[in-house]
Amino acid sequence: MTQNERRPIWETRVEAYRASGASGQRASEWCAAHQVTPRQLSYWMKKLKKVDEISIRFQWVSLHVDHAMKEEGRASLLVQVGSVAIEVGPGYNPSLLADVVRTLKTLC
């Protein structure tokens, strides 16, 4: 079995272990009852935590593409987050955009 095939099994196991924490059951007891070693549990908890941390930092957002802009010959992109909007057109200055984004990050 590959690691990708084991992942969903261990996701379920780790969730079950965390849910059992409220009952006061020790890790070694839980592992014995579920026929896994404490080392396996620890490994997968760390591995899945890293995946969760990455998922928190990078999140997908929906994107609406206005096809009318393309038909009109305008090739700009309007990025809007909350009340802030940035329009980026052809020939934009990547350094300036990076500065604006960094500034927005510190303010928002």
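The structure this text deals with has already been given above.
Attention in this report is confined to the structure presented alongside it. (Residues numbered from 1 in each chain as written. Predicted model: local features only at pLDDT ≥ 70, side-chain atom pairs only at ≥ 80, totals over all residues. Heavy atoms only, no water.)

## What to know about the environment of Val 84
(1) Moving on: Here Val 84 shows up in strand E2 (residues 84-88).
(2) Moving on: Judged by its relative accessible area of 26%, Val 84 is partly exposed.
(3) Moving on: Measuring from C-alpha to C-alpha, the distance between Val 84 and Leu 104 comes to 8.8 Å, with 20 residues separating the pair along the chain.
(4) Moving on: Ignoring sequence-local partners within four residues, the contact set of Val 84 consists of Val 79 and Leu 104. (Helix = DSSP H or I, 4+ residues; strand = E, 2+ residues; numbered from the N terminus. Buried < 20%, exposed > 50% of the residue type's maximum accessible area, 1.4 Å probe, protein only. Contact = heavy atoms within 4.5 Å.)

## Comments concerning the packing of aromatic side chains
(1) Moving on: Tallied over the entire structure, the rule returns 3 aromatic pairs.
(2) Moving on: Centroid distance Tyr 17 to Trp 30: 5.5 Å. Interplanar angle 70°. Geometry classified as edge-to-face. Of this pair, Tyr 17 sits in helix H1 (residues 3-20) while Trp 30 sits in helix H2 (residues 27-33), and the two are 13 residues apart along the sequence. Just as Tyr 17 is buried, Trp 30 falls in that class too.
(3) Moving on: Linked through ring pairs, Trp 10, Tyr 43 and Trp 44 together constitute an aromatic cluster.
(4) Moving on: Over the aromatic face of Trp 10 sits the side chain of Arg 13, whose NZ or CZ is 4.7 Å from the ring centroid. (Phe/Tyr/Trp six-rings, centres within 6.5 Å; stacked < 30°, edge-to-face > 60°. Lys NZ or Arg CZ within 6 Å of the ring centre and 35° of its normal.)

## Considering the nonpolar core
(1) Moving on: If you look at the biggest cluster of nonpolar residues, it comprises 9 residues: Trp 10, Val 14, Tyr 17, Trp 30, Cys 31, Val 36, Leu 41, Trp 44 and Leu 48.
(2) Moving on: Broken down by secondary-structure element, the contributors of at least two residues to this core are H1, H2 and helix H3 (38-57).
(3) Moving on: Excluding residues that lie within four positions of it along the chain, Trp 30 makes contacts with Arg 13, Ala 16, Tyr 17, Ser 20, Gln 25, Val 36 and Leu 41. (Core = buried A, V, L, I, M, F, W, Y, C linked by side-chain atoms within 4.5 Å.)

## A look at H1
(1) Moving on: With 18 residues, H1 extends 25 Å from end C-alpha to end C-alpha; this agrees with the ideal 26 Å at 1.5 Å per step.
(2) Moving on: All buried positions along H1 are accounted for by Trp 10, Val 14, Tyr 17 and Ser 20. (Expected span 1.5 Å × (residues − 1).)

Coordinates in, geometry out; function isn't part of it.
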